[in-house]
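Listed below are the residues making up each chain.
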Amino acid sequence: MIDLKELVLASHNAGKLKELQAMLGDAVRVRSIGEFSSVEPEETGLSFVENAILKARNAARISGLPALADDSGLAVDALGGAPGIYSARYADGQGDAANNAKLLNALKDVPDAERGAQFVCALALVRHADDPLPILCEGLWHGSILYEARGEHGFGYDPLFWVPETQCSSAELPAEQKNRLSHRARAMALLKKRLGLA
């Protein structure tokens, strides 16, 4: 078990920071890597896990703190798992709206039955930059891709992700509910157990 009072999140994404802090609660203070550096490491891994470890080690090296990295994205069955690890830069770094538009275009002729998808989250926690034993936790959130955006909450592909158990899009869920159901919530629940916080 690791005794953590403070850690750095290897992300400049304010939405992610807020979500993860809410999930961890007050026991651990989560700081953004943005407090230490504005430079993003190159994500050269070929999987969510590889990229999460790479980002965690980089954040620990820069901050001197234990580091948590999340590499997450959307894997669409009909696209062979794409956009996958390239989810955030699917439309060449032009942002969420462009990513969503590209995804809808790629799926324009795909029928309902073949629009299955899952949000994937890989979390990597390292005690220090050279930690030989990173803690790894993964979470999957199964759903399907809508034909048009719905909802005002969340970020990324949330408006296109249909959640069967709630019969609405991820972007239509209140934050508290999303933070209980999502891929990140599932990975974080495993991490909290590993850290003795659950």
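Computed from a prediction, not measured in an experiment: that's the story for all the values here.

Calculation notes
Counting starts from 1 at the beginning of each chain's written sequence and moves along it residue by residue. The predicted nature of this model means local features are confined to residues of pLDDT at least 70 and side-chain atom pairs, given and counted, to a pLDDT of 80 or more, with totals for whole chains, interfaces and linings taken over all residues. Only hydrogens and water are set aside; all other atoms, that is, all heavy atoms of the structure, feed into the side-chain values. Starting at the N terminus, helices and strands are each numbered in turn, a helix being any DSSP run of H or I of at least four residues and a strand any DSSP run of E of at least two. Taken over C-alpha atoms, the radius of gyration is set against a globule rule of 2.2 Å times the number of residues to the power 0.38. Should any heavy atoms of two residues lie within 4.5 Å, those residues are considered in contact. Every accessible area reported is derived by Shrake-Rupley at a probe size of 1.4 Å, with residue values counting cover from the shown protein chains alone. UniProt positions are given in the numbering used here, feature names are shortened, and annotations may be inferred rather than shown by experiment. Any pair of N or O atoms that falls within 3.5 Å is considered a polar contact. Within protein, one atom must be able to donate a hydrogen and the other to accept it, and sequence-neighbouring residues count only if both atoms are side-chain atoms. Any residue with an atom within 4 Å of a point lines the site, the site being either a cavity, points on a 1 Å grid over the protein atoms alone where a 1.4 Å probe fits but cannot get out, or a pocket, an open set with protein on both sides within 12 Å along at least 5 of 7 lines. Grid points are joined across faces, edges and corners, and a volume is the space filled by probe spheres set on the points. Strand pairing follows a simple DSSP-based rule, namely that at least 2 bridges must link the two strands. Between N-to-C directions, angles span 0 to 180 degrees; the directions come from axes that are lines fitted to C-alpha atoms, helices contributing only their stretch in contact. When a residue's accessible area, from a 1.4 Å probe over protein chains only, is under 20% of the maximum for its type it is buried; when over 50% it is exposed; and in between it is partly exposed. Two rings from Phe, Tyr or Trp (for Trp, the six-membered ring) form a pair when their centres are within 6.5 Å of each other. A pair whose planes differ by under 30 degrees is stacked, one over 60 is edge-to-face, and the rest are tilted. Counted as over-ring charges are cases with an Arg CZ or a Lys NZ within 6 Å of the ring centre that also lie within 35 degrees of the ring normal.

Undergrad: Mind showing me how you'd approach the overall build of the protein here?
TA: Across its full length, the protein holds 5 helices and 7 strands. Each helix (α) and strand (β) of the protein, taken in turn from the N terminus, gives the series β-α-β-α-β-α-β-β-β-β-α-α. Relative to the globule expectation of 16 Å for 198 residues, the C-alpha radius of gyration of the protein, 17 Å, shows essentially globular dimensions. Put simply, of all contacts in the protein between residues at least 6 apart along the chain, 60% involve residues at least 24 apart. Per element, the accessible surface of the protein, about 9,600 Å² overall, is 53% carbon and sulfur.

Undergrad: Please clarify how the UniProt feature "active site" (unreviewed entry) in the protein should be interpreted in this entry.
TA: In this numbering, the UniProt entry assigns the feature "active site" (unreviewed entry) to D71. Relative to the helices and strands, D71 is located in strand β3 (residues 67–76). Ignoring sequence-local partners within four residues, the contact set of D71 consists of E43, S47, F48, N51, A52, K55, I85, V120, C121 and A122. Only 2.8 Å separates the side chain of D71 from the side chain of K55, close enough to count as a polar contact.

Undergrad: What exactly am I supposed to notice about the layout of surface pockets here?
TA: For the largest pocket, the calculated volume is near 640 Å³. In terms of lining residues, the largest pocket is bounded by 28 residues, among which N13, K16, S72, S87 and A88 are the most central. Only β3, α3 (96–106) and α5 (183–195) provide two or more residues apiece to the lining of the largest pocket. Per-element tally for the lining of the largest pocket: the top contributor is β3, with 4 residues.

Undergrad: Please explain the sheet that holds β3 as it appears in this structure.
TA: Remark on secondary structure: sheet strands pair via backbone hydrogen bonds, oriented parallel or antiparallel. The strand order across the open sheet formed by 7 strands is β2-β1-β3-β4-β5-β6-β7, and the pairing between neighbours is mixed. Each of the sheet's edge strands pairs with one partner strand only, and the pair in question is β2 (29–32) and β7 (168–169). Pairing between strand β1 (residues 6–9) and β2: 4 bridges, direction parallel. Paired with L9 across the strands is S32, a residue of β2. This element, α5, spans β3, β4 (116–126) and β5 (135–145) of the sheet and lies at about 160° to β5.

Undergrad: Looking at this model, I keep getting lost on the environment of R31. Mind explaining?
TA: Turning to its location among the elements, R31 is positioned in strand β2. Judged by relative accessible area, which is 18%, R31 ranks as buried. Expressed as a C-alpha distance, the spacing of R31 and C137, which sit 106 residues apart in the sequence, is 20 Å. Those residues in contact with R31 that sit more than four places away from it in its chain are E6, L7, V8, L9, L17, F36 and L65.

Undergrad: Would you explain the packing of aromatic side chains in this entry?
TA: The description of an aromatic ring pair rests on the distance of the ring centres and on the angle between the ring planes. Taken as a whole and judged by the stated rule, the model has 3 aromatic pairs. Centroid distance W141 to F161: 5.3 Å. Interplanar angle 50°. Geometry classified as tilted. Remark: F161 occurs in strand β6 (residues 161–163) and W141 occurs in strand β5; sequence separation between them is 20 residues. This pair shows no difference in class: W141 is buried, exactly as F161 is. By the ring-pair criterion, three or more aromatic residues cluster together here, those being F119, W141 and F161. Between K102 and the ring centre of Y90, over which it is positioned, the NZ or CZ distance is 4.5 Å. Over the face of the ring belonging to Y147 we find R115, whose NZ or CZ atom lies 3.8 Å from the ring centre.

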